[in-house]
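Single-letter residue listing:
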Amino acid sequence: MPQDPMDFEWSYWIEWGRERILWLLAGHLLVSQVSRLLVEKYKPWCLMVYGMAACWLLLGIKGFAVILLHASISFAVAQFRLSLLTWLSSLILLSTLRIPAVEEAKRKWYDTENEYYLLLFTLSVRGLFCTSFSLEYCWHGPAQKSSHSFLWMLAYVFYYPTFHNGPLMNFDEFSKQMRRQETFSLKTNLGILIVGVIRIIFWWCLAELMIHLMYIHALYSSVPPLEAASYWALGGLALAQVLFFYVKYLVLYGIPALLLQMDGLKPPALPCCVSLMYSFTKMWRSFDVGLHRFLVRYIYVPMGGSQSSLLGTLFSTALTFAFVSYWHGGQSYLWYWGVLNWLGVIVENGIKRILSISLIQDAI
């Protein structure tokens, strides 16, 4: 039975995974386990060299050079130890991905559109990693210079399991865990690997079953069936789409999360099932945990967050959603999506504050 071809993200990553990425991830696993067994002290540098080699192999010398250039610029700007300047640099580097002339030049480096998009997606995700390192560099004093060196930045930026699509792991968490040396047990790691692979295969098969039988995205791309459907049917289609999105990310984040575990790191929690979520706030906290931690640590809290006035909270929340919309591409529909999510979070928090008033609680 033919599959629904309209979900670009699933088709794209599955094609790349089958061709090269899964093999490169297997290579990372081998290098990681050997280095943990023989040279635990040098594990970060072994993985860094492997990640750089994998990047060179997939994206070519020019793609590798662009990622290295972005990291070098971010590190150079971080030397001023000004968070605002770091953010300005990060946004400018992100904006260069949407300049038509630059896009056209990068397209000429590759034979296919898929190769160009791989560079584009990788640069977008690497931008968050560079921002995380640079802000941590700004916030830590000269005494911690050795743990925030350019070499550590490269180890973080070129860490291969999270290289192309995440999940996001902030630099402070990554560096602390990567420097920690634990007793290595090949038998324990083998057990974790077998269980993890079985779970991922199950999720993968479930996603393939959904995309071969349900045709959710094909229905969404055709107006007549949507116009003819009842409100109940439209609600069912919406639920089916977000459930597929959930299963898809169990696979896309589950594979790198398993490799993080094998490397002795604690990965961000995998997405919670959307059927268990009843609020915008819970969705943002529980679906992409790594992105949520990034947004809270580097945007929401520095701008005041919930500790500021009502207007301050509204502003810091709006700024957070504005960055998410811009980072995802900045198209008009993403701004609408960001505004609706912002309104949902504001309404929920407003009702929560009202219900916390003692008079209201007594009435309830």
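Treat the numbers as computed from the prediction; the structure is a model and nothing was measured.

1. Brief notes about the overall build of the protein chain
If you tally the helices and strands in the protein chain, you get 16 helices and 0 strands. On the principal axes, the C-alpha backbone points of the protein chain span a range of 60 × 55 × 50 Å. Looking at the protein chain as a whole, 45% of its 364 residues are labelled buried. Put simply, of all contacts in the protein chain between residues at least 6 apart along the chain, 73% involve residues at least 24 apart. Summed over its atoms, the accessible surface of the protein chain is roughly 18800 Å², and 70% of this surface lies on carbon and sulfur atoms.

2. A word on the nonpolar core
Leu-59 and Phe-158 are the most contacted members of the largest nonpolar core, which totals 90 residues. If you count residues domain by domain, this core takes at least three from each of domain 1 (8-180) and domain 2 (269-363). Contacts of Phe-158, omitting those with residues within four sequence positions, involve Leu-47, Met-48, Gly-51, Met-52, Cys-55, Phe-64, Ile-67, Leu-68 and Phe-163.

3. Topic: a nonpolar patch on the surface
Residues Val-347, Ile-351, Ile-354, Leu-355, Ile-357, Leu-359, Ile-360 and Ile-364 make up a contiguous nonpolar surface patch of roughly 760 Å² in combined accessible area. For the nonpolar patch, the elements supplying multiple residues, two or more each, are α15 (332-355) and α16 (358-363). Broken down by element, the nonpolar patch gets its largest block of residues, 4 residues, from α15. Relative to the helices and strands, Val-347 resides in helix α15.

4. Focus on the UniProt feature "transmembrane region" (unreviewed entry) in the protein chain
Summarizing the sequence annotation, UniProt attributes the feature "transmembrane region" (unreviewed entry) to residues 20-39, 46-69, 75-95, 116-135, 150-169, 190-211, 231-252 and 310-328 in the numbering used throughout. Helix makes up 95% of residues 20-39 and strand 0%. Its end C-alpha atoms lie 27 Å apart.

5. Brief notes about the side chain of Gln-33
By the secondary structure assignment, Gln-33 is in helix α1 (residues 8-38). Here Gln-33 falls in the buried class, since its relative accessible area comes to 11%. If we skip the residues at most four places from it in the chain, Gln-33 touches Phe-184, Asn-189, Met-262 and Asp-263.

6. Remarks on unusual backbone geometry
Note that the residue after Gly-166, namely Pro-167, is joined by a cis bond; omega there is 10°. Mapped onto the secondary structure, Pro-167 falls in the loop between α6 (150-157) and α7 (171-179). The backbone phi angle of Arg-81 is positive, close to 55°, even though this residue is not glycine. Positionally, Arg-81 belongs in the loop between α2 (43-78) and α3 (83-95). With a relative accessible area of 29%, Arg-81 lands in the partly exposed category. With a phi angle near 50°, Tyr-215 is a residue other than glycine that sits in the positive phi range. Within the secondary structure, Tyr-215 is located in the loop between α8 (186-213) and α9 (216-220). You can call Tyr-215 partly exposed: its relative accessible area is 27%.

7. A look at the domain arrangement of the protein chain
Once the domains are mapped, the protein chain shows domain 1 (8-180) and domain 2 (269-363). Distance from the C-alpha centre of domain 1 to the C-alpha centre of domain 2: 27 Å. Together domain 1 and domain 2 conceal approximately 1400 Å² of surface at their shared face, both sides included; 63% is due to carbon and sulfur atoms. Per-residue buried area on domain 1 facing domain 2 is highest for Trp-87, Arg-98 and Leu-128; these three make up 35% of the total on that side.

8. Digging into the packing of aromatic side chains
Within this structure, the stated rule accounts for 36 aromatic pairs. Relative to Phe-150, the ring of Phe-75 has its centre 5.1 Å away and its plane inclined at 55°; by these criteria the two rings are tilted. With Phe-75 in helix α2 and Phe-150 in helix α6, the pair connects residues that are 75 residues apart, well separated along the chain. Residue classification places Phe-75 among the buried positions, given a relative accessible area of 17%. Arranged with centres 5.2 Å apart and planes meeting at 70°, the rings of Tyr-156 and Phe-171 form a pair that is edge-to-face. Here Tyr-156, found in helix α6, pairs with Phe-171, found in helix α7; they are 15 residues apart in sequence, far enough to count as distant. Of the two residues, Tyr-156 and Phe-171, both sit in the buried class. Here a set of aromatic residues connected by ring pairs shows up, and it is made of Phe-75, Phe-129, Phe-133, Tyr-137, Phe-150, Tyr-156, Tyr-159, Phe-171 and Phe-174.

9. Thoughts on the side chain of His-148
In this fold, His-148 is placed in the loop between α5 (113-139) and α6. Setting aside residues no more than four positions away along its own chain, His-148 makes contact with Phe-75, Phe-133, Glu-136, Tyr-137, His-140 and Phe-171.

10. Concerning the environment of Gln-33
With 274 residues separating them in the primary sequence, Gln-33 and Gln-307 have C-alpha atoms 44 Å apart. Side chain to side chain, Gln-33 and Asn-189 meet in a polar contact 2.6 Å long.

11. A look at α8
Counted at 1.5 Å a residue, the expected span for α8 with its 28 residues is 40 Å, and the 40 Å between its end C-alpha atoms agrees. Structurally, α8 contributes buried residues whose contacts are with α1 and α11 (231-262). Downstream of α8 by one or two residues, Tyr-215 has phi in the positive range, about 50°.

12. Points about the packing of α3 against helix α14 (residues 310-327)
Two elements in contact, α3 and α14, have axes whose closest approach is 11 Å; the angle formed by their N-to-C orientations is 30°. Relative to α14, the element α3 lies roughly parallel. On α14, the residues that touch Trp-87, Leu-91, Leu-94 and Ser-95 of α3 are Phe-323, Tyr-326 and Trp-327. Considering only residue class, the contact of α3 with α14 consists of 6 nonpolar, 1 polar and no charged.

Cut-offs used in this document
- Residues numbered from 1 in each chain as written.
- Predicted model: local features only at pLDDT ≥ 70, side-chain atom pairs only at ≥ 80, totals over all residues.
- Heavy atoms only, no water.
- Helix = DSSP H or I, 4+ residues; strand = E, 2+ residues; numbered from the N terminus.
- Buried < 20%, exposed > 50% of the residue type's maximum accessible area, 1.4 Å probe, protein only.
- Contact = heavy atoms within 4.5 Å.
- Areas by Shrake-Rupley, 256 points an atom, 1.4 Å probe, with all protein chains shown as cover.
- Core = buried A, V, L, I, M, F, W, Y, C linked by side-chain atoms within 4.5 Å.
- Domains from an automatic or database assignment.
- Patch = residues over 30% accessible without salt bridge, like charges linked within 9 Å, V, L, I, M, F, W, Y side chains within 5 Å.
- Salt bridge = Lys/Arg side-chain N within 4 Å of Asp/Glu carboxyl O.
- UniProt positions renumbered as here; feature names shortened; annotations may be inferred.
- Buried area = accessible area lost by both parts, 1.4 Å probe.
- Phe/Tyr/Trp six-rings, centres within 6.5 Å; stacked < 30°, edge-to-face > 60°.
- Polar contact = N/O pair within 3.5 Å; in protein donor to acceptor, adjacent residues only side chain to side chain.
- Expected span 1.5 Å × (residues − 1).
- Axes fitted to C-alpha atoms, helices over the stretch in contact; angles between N-to-C directions.
- Parallel < 35°, antiparallel > 145°, perpendicular 65-115°, else oblique.
- Nonpolar A, V, L, I, M, F, W, Y, C, P; charged D, E, K, R; others polar.

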